[in-house]
Amino acid sequence: MAGFNDDNSQQRSFLGNLYRNLSKIGRFGMQYEDMVIRNSQAIGATESTFFNNQGTGFTENDAFFWTLGYQDTRVRKYIAYFDKDYLGKREFLRKFALNGEIDFILDTLSDDAINYDDKNFFGYPSLLNVDLKPEVRSKVEENFRTLYMLFGFQQSTLAWQYFRQFLIDGFLAFEIVYSTDGKKIVGFKELDATSLQPATEQQPNKEFQQIWIQYPGDPRMTRKLKAEQVIYLSYAKGNSVSRVSYTERLIRSYNILRVMENTRVIWNVMNASYRLKFVIPVGTQSGQKAMQTLGQLMSQYKEEIQINDTSGELTVNGAPRVQFYKNYLFPEKDGESPDINTLNPNGPDFNVMENVVYFYNKLKLDSKIPYARFASRSGPATYQISIDQLERDEIRYEKFVTRLRSVFQELLVKPLYIQTCLDFPALSEDRSFKVNLGLNFVKENVFEQLIVLSNYTKRTAFITALGDMKQKIGEEEVPYFDKEWLIKRWLGLSMDEYRENEKFKENEKKQADKAKKDKGKEGEGGEAGAAPDFSL
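My aim in this report is to walk through the structure given alongside it, one point at a time. What you see is a predicted model, and the numbers here were worked out from it, not measured in a lab. (Residues numbered from 1 in each chain as written. Predicted model: local features only at pLDDT ≥ 70, side-chain atom pairs only at ≥ 80, totals over all residues. Heavy atoms only, no water.)

### So, the packing of aromatic side chains
Evaluated as defined, the whole model comprises 31 aromatic pairs. Their ring planes at 70° and their centres at 5.8 Å tell us that Phe 122 and Phe 153 sit as a pair that is edge-to-face. Placement of the pair is Phe 122 in the loop between α6 (100–113) and β1 (123–127) and Phe 153 in the loop between α7 (134–150) and α8 (158–169), with a sequence separation of 31 residues. Grouping residues by exposure puts Phe 122 and Phe 153 together as buried. We note Lys 368 situated over the ring of Phe 400; from NZ or CZ to the ring centre the distance is 5.4 Å. (Phe/Tyr/Trp six-rings, centres within 6.5 Å; stacked < 30°, edge-to-face > 60°. Helix = DSSP H or I, 4+ residues; strand = E, 2+ residues; numbered from the N terminus. Buried < 20%, exposed > 50% of the residue type's maximum accessible area, 1.4 Å probe, protein only. Lys NZ or Arg CZ within 6 Å of the ring centre and 35° of its normal.)

### Comments concerning the pattern of salt bridges
All chains considered together, the criterion is met by 14 salt bridges. Across the salt bridge formed by Asp 169 and Arg 94, the nearest N and O atoms sit 2.8 Å from each other. Taken together, the residues span a long stretch of sequence, with Asp 169 in helix α8 and Arg 94 in helix α5 (residues 86–96) at a distance of 75 residues. In this structure, Glu 142 engages Lys 139 in a salt bridge whose closest nitrogen and oxygen atoms are separated by 3.7 Å. Placement of both Glu 142 and Lys 139 in helix α7 is noted, with a separation of three residues, approximately one turn of the helix. What makes Glu 142 partly exposed here is its relative accessible area of 36%. A cluster of three or more residues bridged by salt bridges with shared partners is formed by Asp 103, Asp 107 and Arg 164. (Salt bridge = Lys/Arg side-chain N within 4 Å of Asp/Glu carboxyl O.)

### Considerations on α8
With twelve residues, α8 extends 16 Å between its outermost C-alpha atoms, agreeing within 8% with the 16 Å of an ideal straight helix rising 1.5 Å per residue. Most of α8 is tucked away: nine of the twelve residues are buried. Buried residues of α8: Ala 159, Trp 160, Tyr 162, Phe 163, Arg 164, Phe 166, Leu 167, Ile 168 and Asp 169, and no others. In this structure, the buried residues of α8 make contact with α5, α6, β2 (171–178), β3 (185–191), β7 (230–234) and α12 (392–408). Positive phi shows up at Gly 170, right after α8, with a value of about 90°. (Expected span 1.5 Å × (residues − 1). Contact = heavy atoms within 4.5 Å.)

### Details of the nonpolar core
Ranked by internal contacts, the top residues of the largest apolar core, which has 66 residues, are Ile 114, Phe 122, Phe 153, Tyr 246, Phe 408, Leu 412 and Phe 433. Broken down by element, the residue count for this core peaks at eight residues, all from helix α13 (residues 410–423). Residue contacts for Phe 153: discarding those within four places in its chain leaves Asn 120, Phe 122, Tyr 148, Leu 158, Ala 159, Tyr 162, Leu 411 and Leu 412. In terms of nonpolar packing, the next biggest core, distinct from the first, is built from 13 residues, Ala 80, Tyr 86, Leu 225 and Val 230 among them. (Core = buried A, V, L, I, M, F, W, Y, C linked by side-chain atoms within 4.5 Å.)

This is the structure:
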C-alpha cells in the first residue's frame, strides 16, 4: 500500500529525488527565519508554556526549541494534534451540524463563499503587482488547471463540500503527492488533521526545516513529511482564545432556542388533554400496603412525554402517538371508590412566541449571516439592490466571507506555488512572487459589486469636479490639477489594473497608427490607378 513501503530501494530513490527537488523551495527564506529565532530576545507565547522551573531555558533539544520558535514566528495555526479533547468535540460538531437550522446556515455560508462559473471553476490564479514573462504566466495558468483537475474539482462540487467540512471541523489536511522524479505534483490525499504534529529537523548544513510527523505515538504508522508535502488549514489561530471551528459558535444559541421550542411543544401537548387528580381510599391498609397500591396505580396511569431532539418526534409513554382519551376502571367496595377531579389547567401562556423569536434572532446574530438572508415571519426574504439601501450587516458579512476565503485559498495556492517553482527554480528566490500569488474567487455577491460600482461612480464625479478647476496664468486659464495624477490618486485602481489599461491604450494607439498607415497606402494606390484586390 502507498505510504507503507519505507524499506525498499525504490521508495528510498523516490524520496531522494523528492527531497532534492523540494530542498531549495524549503530553504527559501530559512536564513531570515533562523535569524529571527536566534536573535529574538523575548519569550514567545508558545515558548513560555515550556519554560523550565529554573528559568534557565526551554529545552536541551534544539529541534524542539526551533519548533516552538516557528509556532510563534511563522506557523501561528491552531494544531488539532495538541488538543486532546478535539476528537470528541469533532464528533459532536458533525452530529450537531445535522440539525435543520445549522444545516441551513452552513449551506448558506458555503453557497456565498464558493461560487462556480459556467466552466465549474470557483476561482482563478491572481498575480498582483508581479511582472512576469508571458511564458511564466501561461505556465501558472496551466498548472492551476492541472491542480484543479487533480483535486477532482472540475467534475464535482467537491470544493464546496470541503469548504463546508472546514466550517464544521475547523481543519483540513492533505498530502501533496509527487511524481517519481519529484518534479511534478500528481495528486492529493486527504489526511486526518489530528494525526499531524509540526516539528523541525536539522539539515546537514545546520539549518532547521519544518516537517510534519504523522501519528507520532504509533511507531507502525509514524510518517515524516516535509512541509512542502502537507497542506494544513486551520480555522483558529494558535495561542489565542477563539472557537475551534465556525460551527462551534452556534452551539449555545441553538441549544437555548431548542429548549424554548420544546417547552412550547410540551405545554401545548399537556394542555391538549385534561389533567386529573386521583384520590384513592386505602381503608384499613397499612402504610406500606397503601404505598404499594398507589404505586401500582401510578405506574398504570402515569404519562411520560419526551421529544427527540434529532428527529423532533414526540412520544407519550414510549408510544409515538398522542393519546387523546383514556378509559379508567376502578373497583368499589363498601361504598368507597376513588375520587377523580380535573385539575385547574391555568398556567403561563406559552402560545406567546416572542421569546422563541428572540433566541432565533440570537442564532442569526451568531451565524454572522445578515437577517435578510433568512425567511421572515411575514413572507419570503428579500434584499435591496440599491447601494443606498444596503445594510451594514451585508458589508460585515462580505468581510467575514473574505477572511474565510483567505484561509481556504491555501488549498490551491500552496501547491500552485510549489509546482511553479519546480518548473522555474529561479522563482523560489523571488519573494514578491510568493507574496502576491493568490486566488481570485468567483463572486456572485451583488452587494459587493454594487459597492465597487458606487465607489467608482462617486470617485469619477469627484475627479471630474477637481479636473474642472482652473487657474489663471497670464491671460490663459489652465487646469489646476493634472488629470493623470487625479486618476492615480483618487480612482482607486491597483497597479496591475493601471498597467493593464496602459497596455490597452498602447495597443489601441498601434492599431490606430496601423489603420492610418494602411489608409495612406490605399490612397497612394488609388492615385496610381491600381484596382483593389478582393480575392480571398
